[in-house]
Structure formats: structure tokens, C-alpha cells
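Next come the chains, spelled out residue by residue.
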Amino acid sequence: MAVEYDKVKRTRDLLSSFYSQDASQTSAPTNTTSRFATLDTINTTSFDADQYMNLLVQKSNLEGLLQRHVEMAAEIKNLDTDLQMLVYENYNKFISATDTIKRMKNNIVGMEVNMEQLLEKIMSVQSRSDGVNTSLFEKREHIEKLHRTRNLLRKVQFIYDLPTTLGKCIKSEAYGDAVRFYTGAMPIFKAYGDSSFQDCKKASEEVMSVIVNKLQDKVSSESESIQTRAEAVMLLKQLDFPVENLKSKLLENLEQFLGELDLSKEITGMGSRESTNEGSESDSIPCVPEVPTREFVEAVHAYHVIFPDSEQQLVKLVQYLTTRHFEAARQQIQQRISPEKLSNRLRFIWTDVLLMDEVLPEAGVQDFGFEAACVAVSEYVASAFTHLLHEISDTLLQIQKEDGTGKEYPLGAALEATKNTLIQGSTKLLLDFRVVLDEELGLILKLRDMMIGWIHEGFQRFFRRLNDELLLLSGQNVNVNVVQQQQQQQQEQQQQERLQGDKVPAGVVLVISQLSVFIEREAISRVTEEIGSSLSLSGGGYAFDPAEVRHTFRAAGERFLQRYVNMRTQRISVLLKKRLTTPNWVKHKEPREVHMFVDMFLQELGAVGREVKQILGEGGGVVRKHARTESNGSTSSSRSNTNTTTTTTNNNNNRSNTNRARSQLLETHLAKLFKQKMEIFTKVQHTQESVVMSIVKLCLKSFQEFVRLQTFNRSGFQQIQLDMQYLRTTLKDTTDSEDEAALEFLLDEVIVAAAERCLDPSPLEPAILDRLVQLKLAR
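Residues numbered from 1 in each chain as written. Predicted model: local features only at pLDDT ≥ 70, side-chain atom pairs only at ≥ 80, totals over all residues. Heavy atoms only, no water.

**Student:** What exactly am I supposed to notice about the overall build of the protein here?
**Tutor:** A tally of regular secondary structure across the protein gives 26 helices and two strands. When burial is assessed residue by residue, the protein has 40% of its 779 residues classed as buried. In the protein, once contacts between residues fewer than 6 apart in sequence are set aside, the share between residues at least 24 apart is 79%. Summed over its atoms, the accessible surface of the protein is roughly 44200 Å², and 51% of this surface lies on carbon and sulfur atoms. (Helix = DSSP H or I, 4+ residues; strand = E, 2+ residues; numbered from the N terminus. Buried < 20%, exposed > 50% of the residue type's maximum accessible area, 1.4 Å probe, protein only. Contact = heavy atoms within 4.5 Å. Areas by Shrake-Rupley, 256 points an atom, 1.4 Å probe, with all protein chains shown as cover.)

What follows is the structure, given as C-alpha cells:
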């Protein structure tokens, strides 16, 4: 065992020395090893075999010692194998290195002879070159002297010809070349202008004074372009001419140019602008067509170069131009601009913004233009929804208009037209917005997420405004805050003018009611689906909430339908009130036929039926049934009073025959009233039967209240009885069993109310009553 351990230790030391392992990392203090010796310290250089064995014997049993022996034997065998491989690999490397050194030694042999030959050739070339230089030295110096003389003569000739050259530049209006020639000759004039070239200097200065005057004229001339004026100022500055007095004049020209610039023209195409990539701020400025704004930008650049201290004034000018750009865009937006034209307009503006930002980065035109673009694009989104709202309102207002034949606009056609306007208009809005969003324009890329949020919020606000608009069209007030009161008053005034009066047609309210139902049941789902497929809202923001809109229009549909019922009821109630207040019921003659007001009442109900038939479907079992419950008491104060009257009549045996007849009639109705209690007025449903019967029941209830305000003689009471009997017969065929019971109840209520207000409530004989009714029906 000890022999094997020594072998392993030697192998480990060899490997450690070969790989230069740091002894500090593998060794530990002696005292530490002795004090804290474990089974893991076998791989350290301070390994103590005796201590390790003692520790191993103490901690392991016989089987553990045998297992450890097998493991260590396997490890030793592996280490021997690794060592052999290591030695073999290093031996191959040594052999390869030896062969390489041999080849290098063989190749070097003979190189010294070649190097000596090369050195001899180089020395020969150098000696010959020195000989050539020596023989040509004198001639070369002479040539260089002649060349210097020739250049000097050229300069002298240029100076003498300068006045003539400047005169030619004046004729050809090449003032830039003239200034360049004169400034090039200035060093010579400064050195020799008072001696050799005095005449040339004087003649040149006279010509340059003419050029200065012409440049000043160009700056002052309004017919010259701004760029030409700026170039003239730059040339004057090169001539050391005091141009500060021209600074304010040129700035005034720039301001005047902006004031006269017309940016309201329609942009139909962008030429080379469309082929440029403006997806990022680092894009190079594209080549733009010849437009006035480009001339202005170039003039600003020249002005900035000439007057570096004029940044503040130029910043105001470029921001003013950007503002003018977006004001023109907003004016077109108010006139309902198409998405293609808006995209062209934004591309036109943003190209100018990039141009101005390149020539004057201190102005921060991109940030300024981005803020203005946010306002313009948000107004475009809001304006699109406003136009759609007006289209829906105009479609609804067609109901009260007449066509060429004198017939009113059909309610069904108006409802379908309004539905189509809403759905198709919403779809077209999304398509228009998609056209703008798909533009590969740097400005649109920045605005894309914000614009999608505005569209989502716009749909939410559009349906709120649509609800308010429908309320105004139906003649109702809109609950708004103080800030919106003025806008509401303007809207109400406009709606009154468009409605041509304060009276709102009931048919409009009925169409609005069914439109609200359509929005709640179908339109919101379709709009939500189209929004989801067209616009993906990323990064949060305001999202369209269909649940809120559905809740709003569900309540609105019920409210509008109830308003239609109330409007029709009020119209018929005026007829009923006039019927009861016109005659003198105390002196009424004996009834001979059904009163004509019944025909008028039925005509009004027929008109209602024709209206609702165009809009609403049949009930089909949807109408809520009238609930009946057993009653242990009276149903109204009138019935209580009747009961008291009847009890008094039964206890008084001395009454006249008239009182007996009255008692019999009241007892009959009291028995019917106390037999059951019925829920008469139920929630109005969106069906023909529910709407018509709700109006009938409300009218009969109103008629009952009007009856209670009158006093009847026997003939007047009998007239009311005859009219109600005729209504009972004519309305019976148009109602179901539940509505028939409610109708019977209300007709009886009218007769009971008339009996209570009658001086002699003697009813007509049934045979006479039936004969008069049949006579009316036969007619």
C-alpha cells in the first residue's frame, strides 16, 4: 500500500510541476492539516498518510475500507494512463521541434552569400545616382529659377489684367468670381500697392466700388430671390463691407416672404420626396422639388452663416414657418381632407422640418413640429368622428322631409339608411386611419401608438356624443357639465334650425329608439371586431370599452321608446281632453250614435300602428303578460268611495228607482274590481303590440282622469257608456287575451268614473247598446 502511495505522489508532483500549479492554492498550513485533517485532504501537498489512515480506520468499517481500496486502485490506474499519454504527446512535440530546427539550419546555409551580393548591387546603384545628380545639379537649379520667374510673371500679369478681368465679371454678372479675384490680389496690393502696382490698385478699387453698389442693389431689390440676396450679403462680407445695416433689412425680407407665402395649396404629389426613406431622424435630407419653402430654408442657412449671432431671430422664423404649415393642414382637416391628401401634406411638412433641422439644429424644429403634428392629427381623428356624427344626424333628419311626390320619408328606409351610415361610416373611418398609419414616414412612426390610442378613445367619445345627439334630436335635454353648457346650447340651436321648429316628429323618436337597440345588439360587436382586426393597441393606453357603450344604448333604447309612447299619448290626450271639455255634459242629449271622437281616436291609433309596423316586429310571445293577484281590499280610492256609496244604497230602502239602478251598476263594477287585482302598466317592449297597447292603456287612463273632472247627466253618462262599448268591440280583435283583460278593466274604469260623476247613472239597456254599436260598425 505504501509503494502504491509513493507512486501516486510522484505522479501528482510531476503533473503539478508540468502545469505550473500554484503551490499556495493546493497547500495548507501544517498546523491546519494536523488539526483539521479530513478525508478530502488527500489531494493536497501537505497530505499526511499516517494521519489519513488513522482517520479512515476510525470512520469506516471493513466494507468501507475495501471499497475505498478498490476506488483508489482505479484512480491510480487512471493516473498512470494519463501520465503515459502526457509523456507521449510531449515526446511527439519535441520530435517535431527538432525537425523544424534542422530544416531552418539547412535553409539558412547560403543566405549570407546572397546578402553580400545584394549589398554590392545597392552600393553600385547609389554611386551611379550620385554621379547623375552631380552632373545635373546646375541645370536643375536653373530650371527652378526659371519656373519661379514664370510664376512671378503670371502674378504680375494677373495684377495688370485685374481691372479688365473685373470689368468682364461685371458684364457677365459673375460677382462671385470678381470678389474671388480681388481678394486673391489683396496681399500684393497691400505689399506693393503704393509703388509698383499703384495704378492697377486704383483701377481695381474703382471697378470693385461698382460691384459693391450692384451687390447692394441686389440686396435691396424685391425682384431678386432670397438666396440671391443672401449670396450678395456674403460677398459684401468677404470684401470687408459693413453689412450690419443689411442684417435687419434681410431679416425683414425673410419675414415678409413668410407673410406672403401661401401654404394652403393642395399637395397632390411629392415627387422625389415619396421615394425617400424618412423613417428615422438620422435620415439624410432628401432631394426636394423646387418649392418656395426650400428657397426659404436655403436663405436661412446662408443668413446663419453670414450672421452667426442671429440664431434667436432665425429660430422664431423657422418655428413660425412650421406653425404656418400645420395651420394650413388643420384648415384642410376642418374641410374634411382625405387620408391620402393628409399623408401628402404631412410628408411635405416633415421634409421641410428635416431640412430646417439640418440647417438650424439649434431651433429644435423636430420637437416643435412633433408637438404641432400631435395637435393636427388628433384634430383629424376627432374631425372624422364629428363628420360621421353629422352624417347620422342628417340621415335621421330626412324623416320629416318630403320627396317629390309629397310623401314623407319612410321610417323603415330611414332606419336602414341610418344603420348603413353608422356601420359603413365606421368601417370607412378605420380604413382611412389605416391609410395614414401605414405611411412609412418618420413623423407617422412616432405618432403611430398615440394615434391608435386617439382612435380608440375617439370611438368611445363618438358613441357618447351619438347618444347626446340622439337625445337632442328627440327633444330631450343632455346632462353636461359647466364647461360643455355653451356647446350644448349651440348644438340645440343648430338642431332646432335643422328640425325647422321646436316640434320633434314622433317617428324620429321611434327610429332613434330602434337605432339604439341596433347599436347595443349588433353595431358595437361589429365595430369592436373591426377595431381589433385593424388596430392593435400596444404599450397600454386608452382602449375602446364596448360594455360601457352597450349599457348606455340599452338604457337609451328603453328611454326613447318610452318617450315615443309618451309623445303619442300626449297627442291623443289633447283630443280626449277636448272631447270632454267642449260639450255641456249636464245638458247632454240622449245618445243616438257613437261620437265621432271615437273615430278620431281610432285613426290616431291606426297612425301609430302604421308607424310601429315599419320599425318594430311582431311580439311573438315577447310581450310581458299582465300579472293578476288575488286582492283582499280595494284597488284605488275611487273603488273605496264606490263601496261606501253602494253600502249606503243597500241600507236605504227609501231610495228612488234611479238610485237603485245606479246601485246595481256600481255593484256590478265593484264585484269585478274586487275579484282580482291586475298590473295594468308594464314595461314597454320593442314590439308592435307592446307599443300600441301601452299607448291605448295610457290614453284610457288619461280619459278616466278627464272624466273625473266633469259632471254628467244621465244622457251624458250613457254617451260615455256607448263610446266605451264601441271601443271595447273594435279594439278586442287587435289584442291578445292578456291585453284584452287589461283593456276591459280600463274601459270599465272609465264607465265607473263617469257613473261616480253622474247625477242619474242609469245605463243603457244592453239591447239598445248593442244595436247602436252594430249600427256604427255597419257604417
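**Student:** Explain the packing of aromatic side chains to me, please; I cannot follow it from the model alone.
**Tutor:** Any pair of aromatic rings gets described here by the distance separating the centres and the angle formed by the planes. Applying the stated criterion across every chain yields a total of eleven aromatic pairs. Members of the aromatic cluster, connected to one another through ring pairs, are Tyr380, Phe385, Phe433, Phe459, Phe462, Phe463, Phe544 and Phe553. (Phe/Tyr/Trp six-rings, centres within 6.5 Å; stacked < 30°, edge-to-face > 60°.)

**Student:** Please clarify how the confidence of the model for the protein should be interpreted in this entry.
**Tutor:** If pLDDT is low for a region, its predicted coordinates should not be looked at in detail. Across the protein, the average pLDDT comes to 77, with 76% of residues at 70 or higher. For residues 20–36, every residue scores under 50 in pLDDT, and the model assigns this stretch eleven contacts once sequence neighbours within four places are set aside. Contacts from residues 270–290, a stretch scored under 50 in pLDDT, to residues over four places away or in other chains number 40 contacts. (pLDDT = per-residue confidence, 0-100.)

**Student:** Is there a simple way to explain the pattern of salt bridges in this structure?
**Tutor:** Two side chains that carry opposite charge are able to pair once their charged atoms sit near each other. The tally for this structure, following the rule as stated, stands at 20 salt bridges. Among the ionic pairs, arginine 728 bridges to glutamate 744, the shortest N-O distance being 2.3 Å. Placement of arginine 728 in helix α24 (residues 714–732) and of glutamate 744 in helix α25 (residues 737–756) is noted, with a sequence separation of 16 residues between them. Note on arginine 728: relative accessible area 13%, which makes it buried. (Salt bridge = Lys/Arg side-chain N within 4 Å of Asp/Glu carboxyl O.)

**Student:** Please explain the nonpolar core as it appears in this structure.
**Tutor:** It is characteristic of soluble globular proteins that their nonpolar side chains tend to be buried jointly. Within the largest apolar cluster, 168 residues are counted, with the highest numbers of intra-cluster contacts made by Phe296, Phe463 and Leu466. Sorting elements by how many residues they give to this core places helix α14 (residues 365–397) first, with 15 residues. When neighbours within four sequence positions are excluded, phenylalanine 463 is seen to be in contact with Leu422, Ile519, Ile524, Val527, Phe544, Val549 and Phe553. If you look at the next biggest cluster of nonpolar residues, it comprises five residues, including Ile42, Phe47, Tyr52 and Leu56. (Core = buried A, V, L, I, M, F, W, Y, C linked by side-chain atoms within 4.5 Å.)

**Student:** Even after reading the chapter, I still don't get the environment of threonine 729, so can you show me in this structure?
**Tutor:** Among the structural elements, threonine 729 can be located in helix α24. By relative accessible area, threonine 729 is classed as partly exposed at 28%. Taking the C-alpha atoms as reference points, threonine 729 and aspartate 770, separated by 41 residues in sequence, lie 10.0 Å from one another. Leave out the neighbours within four places in its chain, and threonine 729 touches Val773 and Leu777.

**Student:** Help me understand a nonpolar patch on the surface in this model?
**Tutor:** Judged by side-chain polarity, Met111, Met115, Leu118 and Ile122 come together as a nonpolar surface patch covering roughly 390 Å² of accessible area. Topologically, leucine 118 is positioned in helix α6 (residues 111–172). Leucine 118 gets classed as partly exposed once you look at its relative accessible area, which sits at 46%. (Patch = residues over 30% accessible without salt bridge, like charges linked within 9 Å, V, L, I, M, F, W, Y side chains within 5 Å.)

**Student:** It is not clear to me how unusual backbone geometry should be interpreted in this structure. Could you clarify?
**Tutor:** Across residues other than glycine, the phi torsion is negative in most instances, and most of the peptide bonds are trans. In the Ramachandran plot, glutamate 173 falls in the positive-phi region, its phi being about 55° despite a non-glycine side chain. Within the element layout of this structure, glutamate 173 appears in the loop between α6 and α7 (175–192). For glutamate 173, a relative accessible area of 53% gives the class exposed. A positive phi angle, near 65°, is found at arginine 336, a position not held by glycine. Relative to the helices and strands, arginine 336 resides in the loop between α12 (311–334) and α13 (339–359). Take arginine 336: its relative accessible area is 46%, and that puts it in the partly exposed class.

**Student:** Sorry, what's going on with helix α19 (residues 546–581) here?
**Tutor:** Along an α-helix, a turn takes 3.6 residues, which lines up residues three or four apart on a common side. Along its 36 residues, α19 runs 51 Å from first to last C-alpha, staying within 8% of the 52 Å computed at 1.5 Å per residue. Two or three places before alanine 547, at the opening of α19, aspartate 545 has a side-chain oxygen 3.3 Å from that residue's backbone nitrogen. (Expected span 1.5 Å × (residues − 1). Polar contact = N/O pair within 3.5 Å; in protein donor to acceptor, adjacent residues only side chain to side chain.)

**Student:** What is the right way to read the packing of α19 against helix α23 (residues 688–707) from this model?
**Tutor:** The axes of two packed helices give the description: the angle between them and the distance between them. One way to put it is that α19 packs onto α23 with a least axis distance of 9 Å and a crossing angle of 35°. For the pair α19 and α23, the sense of crossing is right-handed. Residues Leu561, Tyr564, Val565, Asn566, Arg568, Thr569, Ile572, Ser573, Leu576, Lys577 and Leu580 of α19 form the contact with α23, whose participating residues are Val691, Ser694, Ile695, Leu698, Cys699, Ser702, Phe703, Phe706 and Val707. (Axes fitted to C-alpha atoms, helices over the stretch in contact; angles between N-to-C directions. Left-handed = near helix turned anticlockwise from the far one by under 90°.)

**Student:** Just to check I follow, could you spell out the environment of asparagine 584 for this structure?
**Tutor:** Here asparagine 584 lies in the loop between α19 and α20 (596–615). Classification of asparagine 584 by relative accessible area gives partly exposed; the value is 43%.

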